[in-house]
Amino acid sequence: MAYKARLKEFDNILNKDVINLRDLQKLAFNGIPDDQGKRALCWRLLLNYLPTEKASWSTHLKTKRDLYQQFIDEMIVTPGCKEADGGVNDHPLSVNPDSEWQAFFKDNEVLLQIDKDVRRLCPDISFFQQPTEFPCSVVVNSMDVKRLHRRVERRVLKSANVERKGLGITKIALSLKKATEDYAPMDEGQEAHWEVVERILFLYAKLNPGQSYVQGMNEILGPIYYAFASDPDVTYREWAEADSFFCFTNLMSEIRDFFIKTLDEAECGINNMMTRMLTQLKNSDLDVWLKFQQLELRPQYYSFRWITLLLSQEFPLPDVLRIWDSLFSDEKRFSFLIYICCAMIIIIRHQLLNGDFPSDIKLLQNYPSMDVQIILSKADELSKKLY
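Criteria and thresholds
Think of each chain on its own: its residues are numbered from 1, step by step along the sequence as written. Under the rules for a predicted model, residues below a pLDDT of 70 receive no local features and side-chain atom pairs below 80 are neither given nor counted, while totals for whole chains, interfaces and linings still include all residues. Calculated side-chain values reflect all of the structure's heavy atoms, with hydrogen atoms and water omitted. UniProt positions are given in the numbering used here, feature names are shortened, and annotations may be inferred rather than shown by experiment. Helix and strand assignments come from DSSP, with helices taken as H or I runs of at least 4 residues and strands as E runs of at least 2, each series counted from the N terminus. We define a polar contact as two N or O atoms separated by no more than 3.5 Å, with the added condition that, inside protein, one atom must be a possible hydrogen donor and the other a possible acceptor, whereas residues neighbouring each other in sequence contribute only through side-chain atom pairs. Pairs of residues are marked as contacts when any of their non-hydrogen atoms sit within 4.5 Å. Here a pair means two rings of Phe, Tyr or Trp (six-membered ring of Trp) with centres within 6.5 Å. Their orientation is stacked below 30 degrees between planes, edge-to-face above 60, and tilted elsewhere. With a 1.4 Å probe rolled over the protein chains alone, any residue whose accessible area is under 20% of its type maximum counts as buried; one over 50% counts as exposed, and the rest are partly exposed. By definition, being over a ring means that NZ of Lys or CZ of Arg is both within 6 Å of the ring centre and within 35 degrees of the ring normal.

Where an unreviewed UniProt entry is consulted, the protein chain appears under the name TBC1 domain family member 13, with the organism given as Photinus pyralis. In the Function (unreviewed entry) part of its UniProt record, the protein chain is described as follows: "Acts as a GTPase-activating protein for RAB35. Together with RAB35 may be involved in regulation of insulin-induced glucose transporter SLC2A4/GLUT4 translocation to the plasma membrane in adipocytes."

Next up, the structure:
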């Protein structure tokens, strides 16, 4: 379909008083144009942030954005000297479980990992190092530690670690796609995009204490925030932070089980997804499946990261955005992700069949550069085959 014709089809759907979500899914599955912020708008709809009735958008967005500002006001705070129970002043050495200082120090353990991760987000582009047009005024103009990165300067908490108890978190082995140096903070009155991402993740961790923050969540939030903060429509771009928070929260509600170790064996857990992928590979390419069996090349060695992070670590950001158009449009979230993973393997089958264990692992963990449309077309073909 010609590009202009596709633009017109998107306009026809998005300009109606009530958005037909099914029609939008069908159209967006094959890619969303970046023009006039269509991707950002479609993602807000596909991630169930915007209601389908356009008349309610203004009120809905104001309510959500006001709520997010309330989160900032209430949760990104410096402990003060307000009276604690019994009339004793709160202070850093207080053992009172209701002490703001106790919560402050506990939060810093998680914040340390967030800060480390966001300072190296999407190093193949400079976007996250650049200043946002719309810094959070109550944060950047503050002289205290409302600027989160100040709370976890490495010289202060150099030996701190994130320790998860209770639910148990699966450790995600990230790829070597890292920046050579950590991103630097902006001067007073400004903040970089990575600082905004840090604030979103910190608030998410505070609001979801049972799960908190897990390494890799930054890779899920990054593309969403990039799409919203790059929106050509300034009236939407101004609220990229709040909108990204709620879309990220909605997406995490769908994939959160991938990040919780105790749910690895559940139907919605990561092990079930990897088993489904291996079954699909067996049906699609028996020779490669047999080779993997022979080498004892388990899916945990490569597809754990693929599935958990929705392929955000395997491809450049523009390709990730295109892949996510299809994933977010998938009615059976996230079945199409299984087909993409299988397509990735089948496309490089000749190298895999001719390789040994070390070379095959290296190839799968560092997927070769190629036109992502080739992979998506193969995945679509696999999804339509009957066995």
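What should I look at first to understand the side chain of D325 in this one?
On the secondary structure map, D325 appears in helix α15 (residues 317-329). Polar side-chain contacts of D325 include one of 2.9 Å to the backbone nitrogen of I32. If we ignore the near neighbours within four places in the chain, the residues touching D325 are A28, F29, G31, I32, R39 and W43.

Any chance you could explain unusual backbone geometry here in plain terms?
Most peptide bonds take the trans configuration, and most residues that are not glycine carry a negative phi. Cis geometry marks the peptide bond from R333 to F334, where omega comes out at -5 degrees. Note on placement: F334 falls in the loop between α15 and α16 (335-347). One non-glycine residue, C122, adopts positive backbone phi at about 45 degrees. For L310, which is not glycine, the phi torsion reads 50 degrees and is therefore positive. Take L310: it is sitting in the loop between α14 (303-308) and α15.

It is not clear to me how the packing of aromatic side chains should be interpreted in this structure. Could you clarify?
Here the distance between the centres and the angle between the planes together describe a pair of aromatic rings. Taken as a whole, this structure holds 18 aromatic pairs when the rule is applied. Consider the rings of F29 and F336, whose centres lie 4.7 Å apart with planes at 65 degrees: the pair is edge-to-face. Taken together, the positions of F29 in the loop between α2 (21-28) and α3 (38-46) and F336 in helix α16 put the pair 307 residues apart, joining distant regions of the chain. Accessibility assignment for this pair places F29 and F336 in one class, buried. Each ring, one from F127 and one from Y225, has its centre 6.2 Å from the other, and the planes form 50 degrees; the classification is tilted. Taken as a pair, F127 in the loop between α5 (100-118) and α6 (137-140) and Y225 in helix α9 (residues 217-229) lie far apart in primary sequence, 98 residues in all. There is no split in this pair, since F127 and Y225 are both buried. The structure contains a cluster of three or more aromatic residues connected by ring pairs, namely Y49, Y68, F71, F245 and F246. In this structure, K282 is placed above the aromatic ring of W289, and the distance from its NZ or CZ to the ring centre is 4.5 Å.

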